[in-house]
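Residue strings, one per chain:
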Amino acid sequence: MKLIRFGKSGQEKPGVELPDGKRIDTSAFGEDYNEQFFTNDGIARLAAWLKTNQSTCPAVDPSERLGAPFTRPSKIVCIGLNYVDHAKETGAAIPAEPIVFFKSTTAIVGPNDQLVIPKNSQKTDWEVELAVVIGKKATYVDEKDANDYIAGYVLHNDYSERAFQLERNGQWVKGKSCDTFAPLGPWLATKDEFADIHNVRLWLTVNGKTLQDGNTSNLIFKIPFLVSYLSQFMTLLPGDIISTGTPAGVGLGQKPEPFYVKPGDIIELGIDGLGSSKQVAVAYK
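Fair warning: this is a prediction, and the values are worked out from it, not measured in the lab.

(A) Fine view of the overall build of the chain. Secondary structure summary: the chain contains 6 helices and 18 strands in total. Since a compact globule built from 285 residues should have a radius of gyration of about 19 Å, the 18 Å found for the chain is in line with a globular shape. Along the three orthogonal principal directions, the C-alpha set of the chain runs to about 60 × 45 × 30 Å. In the chain, which comprises 285 residues, the proportion classed as buried is 55%. In the chain, 73% of the contacts between residues at least 6 apart in sequence involve partners at least 24 apart. Summed over its atoms, the accessible surface of the chain is roughly 12,600 Å², and 49% of this surface lies on carbon and sulfur atoms. In the chain, 30 side chains carry a positive charge and 34 a negative one; their mean positions are 4 Å apart.

(B) Expanded view of the confidence of the model for the chain. Counting all residues, the mean pLDDT for the chain is 97, and 100% of those residues have values of 70 or more. Least confident of the elements in the chain is helix 3 (residues 84–89), whose mean pLDDT is 88; most confident is strand 17 (residues 266–271), at 99.

(C) Region of interest: the sheet that holds strand 17. The strand order across the open sheet built from 5 strands is 8-18-17-14-15, with neighbouring strands paired in mixed fashion. The open sheet has two edge strands, strand 8 (115–117) and strand 15 (209–215), and neither has a second partner. With direction set aside, neighbouring strand axes in the sheet form an average angle of 20 degrees. The pairing of strand 8 with strand 18 (residues 275–283) spans 3 bridges and is classified as parallel. Each bridged residue has a counterpart across the sheet, and for leucine 115 the counterpart in strand 18 is alanine 281.

(D) Here's a closer look at the environment of glycine 175. Tracing the chain through its elements places glycine 175 in helix 5 (residues 173–176). Residues glycine 175 and serine 276, 101 residues apart in the sequence, show an inter-C-alpha distance of 24 Å.

(E) View of the packing of aromatic side chains. Scanning the entire structure with this criterion turns up 12 aromatic pairs. With centroids separated by 5.2 Å and ring planes inclined at 75 degrees, the aromatic side chains of phenylalanine 37 and phenylalanine 38 adopt a geometry described as edge-to-face. Taken as a pair, phenylalanine 37 and phenylalanine 38 share a single burial class, namely buried. Ring centres 5.6 Å apart and planes at 20 degrees place the aromatic pair phenylalanine 221 and phenylalanine 225 in the stacked group. The class of phenylalanine 221 is buried, set by a relative accessible area of 11%.

(F) Just the state of the cysteines, in detail. In total, this model carries 0 disulfides according to the counting rule given. Lacking any disulfide linkage, cysteine 178 is separated from the closest cysteine sulfur, that of cysteine 78, by 13 Å. Using a relative accessible area of 15% as the deciding quantity, one classes cysteine 178 as buried.

(G) Just the pattern of salt bridges, in detail. Scanning the entire structure with this criterion turns up 16 salt bridges. Note that aspartate 265 and lysine 262 form a salt bridge whose closest N and O atoms lie 3.1 Å from each other. Residue aspartate 265 is classed as buried on the basis of its relative accessible area, which comes to 4%. Linked through salt bridges whose partners overlap, the residues forming this network are Lys103, Asp125, Glu127, Asp158, Arg162 and Lys176.

(H) Representation of the environment of leucine 269 in the model. As for its position among the elements, leucine 269 is in strand 17. The class of leucine 269 is buried, set by a relative accessible area of 0%. On a C-alpha basis, the gap between leucine 269 and asparagine 157 in space is 7.7 Å, while along the polypeptide they are 112 residues apart.

(I) A look at helix 2 (residues 42–53). The end-to-end C-alpha distance of helix 2 is 15 Å, a good match for the 16 Å that 12 residues give at a rise of 1.5 Å each. Three or more residues of helix 2 are buried, namely Gly42, Ile43, Leu46, Trp49 and Leu50. Buried residues of helix 2, viewed axially, fall in a sector of 125 degrees; they line one side. Of the residues in helix 2, the exposed ones pointing more than 90 degrees away from the buried face are Lys51 and Thr52.

(J) Representation of the side chain of threonine 124. Here threonine 124 shows up in strand 9 (residues 124–125). You can call threonine 124 buried: its relative accessible area is 0%. There is a polar contact of 2.7 Å between the side chain of threonine 124 and the side chain of serine 121. Beyond its immediate sequence surroundings of up to four residues, threonine 124 is in contact with Leu115, Ile117, Pro118, Tyr159, Ser160, Glu161, Phe181, Tyr260 and Val261.

(K) Structural detail: the environment of glycine 208. Secondary-structure assignment places glycine 208 in the loop between strand 14 (201–206) and strand 15. For glycine 208, a relative accessible area of 59% gives the class exposed. Spatially, the C-alpha atom of glycine 208 lies 40 Å from that of aspartate 41, the residues being 167 residues apart in sequence.

Criteria and thresholds
- Residues numbered from 1 in each chain as written.
- Predicted model: local features only at pLDDT ≥ 70, side-chain atom pairs only at ≥ 80, totals over all residues.
- Heavy atoms only, no water.
- Helix = DSSP H or I, 4+ residues; strand = E, 2+ residues; numbered from the N terminus.
- Rg over C-alpha atoms; globule rule 2.2 N^0.38 Å.
- Buried < 20%, exposed > 50% of the residue type's maximum accessible area, 1.4 Å probe, protein only.
- Contact = heavy atoms within 4.5 Å.
- Areas by Shrake-Rupley, 256 points an atom, 1.4 Å probe, with all protein chains shown as cover.
- Lys, Arg positive; Asp, Glu negative; His and termini not counted.
- Charge placed at Lys NZ, Arg CZ, Asp CG, Glu CD.
- pLDDT = per-residue confidence, 0-100.
- Pairing = 2+ DSSP bridges.
- Axes fitted to C-alpha atoms, helices over the stretch in contact; angles between N-to-C directions.
- Phe/Tyr/Trp six-rings, centres within 6.5 Å; stacked < 30°, edge-to-face > 60°.
- Disulfide = S-S within 2.5 Å.
- Salt bridge = Lys/Arg side-chain N within 4 Å of Asp/Glu carboxyl O.
- Expected span 1.5 Å × (residues − 1).
- Arc of directions from axis to C-beta.
- Polar contact = N/O pair within 3.5 Å; in protein donor to acceptor, adjacent residues only side chain to side chain.

Listed below in structure tokens is the structure:
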């Protein structure tokens, strides 16, 4: 199943994208896609409800804006340098354990909303990432059981301001959390949509030029390990996001010289089974 939310920013309604691409409004189900929804086995309950009620759900016009496909996660946990090729392009050592940092939830926007280059930014960068959505409360999870705690997956562009991140001291969170730096979607795909989540392509273009073209088979730390690992240090709540890292091709790693997003740039990205998104960059006003 593919969960969507649609409508004006801050007024989104829940919906579903059907296998034929048609979108329907599931407001009559009576729940938004939030922590409580996932906690109370909402995906299974929604699937059962749709068997009886799908035919009466209103259609969603294809022109409707999409928001992030779920709302108000308690946290976004990100994994740094989780592809060998990306670690090499940045000159970093291959990590012995996952590099963990947080991204503010206020960075979340819809998949096709504008990217606002932050005030005083000179080095806004792109990162296509597969994000995991937690389905139930996870504390001290064994790796062999980790899949039971996953609701699904979502496309994420983990935008980063490299000067804020790397040149301003302290932790990476400052360069990761600016408004509009976490476009999510177009949909949340439940885990049963994937035969092998560790063999899907992810890609990103800037102004039509392919700069990132990778595959999740190259993840250093695989998804069950990450869920288990993080749960040793913090409780993961339903709806929480784990963003699993980016392959090579970010602006910071470009040769012979790095280059970054400028106003008017068009960034498009996608992951097999998770659709694609597009952000147009604008200057902060």
